[in-house]
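The residues making up each chain are set out below.
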Amino acid sequence: MKILGPFIISALLMAVSPAYAKQVLTLVVLEESQKIPTYTDLVKFVSDVLKDSKIEVKTIEAPMERGLHLVNSGEADFYIVGPLPLKERFQNLIPTEIPYVKTYNWVYFRVDDPRFKKKIVTKDMKGVALLNNPAIFRSEKAGDLNIIGVSNSIVGINMLLSKRVDYYIGTRGTVQSILETQPELQKKIDHLEKPFGEYNAYLWTHKKHTSLMPQINKSLRKILKSDTAKYKYIQETLNKSLTP
């Protein structure tokens, strides 16, 4: 028994040591994200990046603002997607070195709205708008708009169709993926001719996980350079050029 003692103690130490205990971290995704095809692909892509980084995660759903606060407070570990200006409001968050998605915001409106019989430019817009992220207007001139909130594309489209807002401003790929699953909506909603500001999206984590970021950045670049055909709805917007 005296001989076995050291081995038993060693085994117990290994079992409780963080180096040997497999920790499951949390990835915050948008509430009802499974209903948005592009968002389903975002979850798949980010999960693959973290898996390649040897990080095991479980997803938890939350509204956009709530999710950001969860990660910023350290109650959750990763926030799936967001632009760089988030750093101004959530100072405990750190992004990946490069965005994994590069796309544009578009202004959507109802085709039966008489104000849109002619094409207009964004600086001439007036009315009530809902946004898909809180950072859109930091660098864009958007006319005399009453911004009533930030929400996901499903809520945005529903509020637009019910005439509770005049505009919904969101990324084209996300809105189009919803319209593809509901073809009857394609005759009811259109977008302005020109995009409304670039939208570069990063994966975010709490600064307590700074040590994980070098490997995450390496895995991110690796997967962006690989065959991304399985991410059907976001493939065209993935930052395969690896530009900042």
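Residues numbered from 1 in each chain as written. Predicted model: local features only at pLDDT ≥ 70, side-chain atom pairs only at ≥ 80, totals over all residues. Heavy atoms only, no water.

1. Remarks on the packing of aromatic side chains
By the definition in use, this model includes three aromatic pairs. Measuring from centroid to centroid gives 5.2 Å for Phe45 and Tyr100, while their planes differ by 15°, and the two rings are stacked. Remark: Tyr100 occurs in the loop between strand E4 (93-95) and strand E5 (101-110) and Phe45 occurs in helix H2 (residues 37-52); sequence separation between them is 55 residues. Tyr100 shares its class with Phe45; the two are buried. With 5.2 Å between their ring centres and 75° between their planes, Phe45 and Tyr231 make a pair best called edge-to-face. Highlighted residues: Phe45 in helix H2 and Tyr231 in the segment after helix H7 (213-224), separated in sequence by 186 residues. Under the relative-accessibility criterion, Phe45 is labelled buried at 0%. Judged by its relative accessible area of 2%, Tyr231 falls in the buried class. In textbook terms, an aromatic cluster arises when at least three aromatic residues are bridged by ring pairs, as seen for Phe45, Tyr100 and Tyr231. Between Arg172 and the ring centre of Trp106, over which it is positioned, the NZ or CZ distance is 4.8 Å. (Phe/Tyr/Trp six-rings, centres within 6.5 Å; stacked < 30°, edge-to-face > 60°. Helix = DSSP H or I, 4+ residues; strand = E, 2+ residues; numbered from the N terminus. Buried < 20%, exposed > 50% of the residue type's maximum accessible area, 1.4 Å probe, protein only. Lys NZ or Arg CZ within 6 Å of the ring centre and 35° of its normal.)

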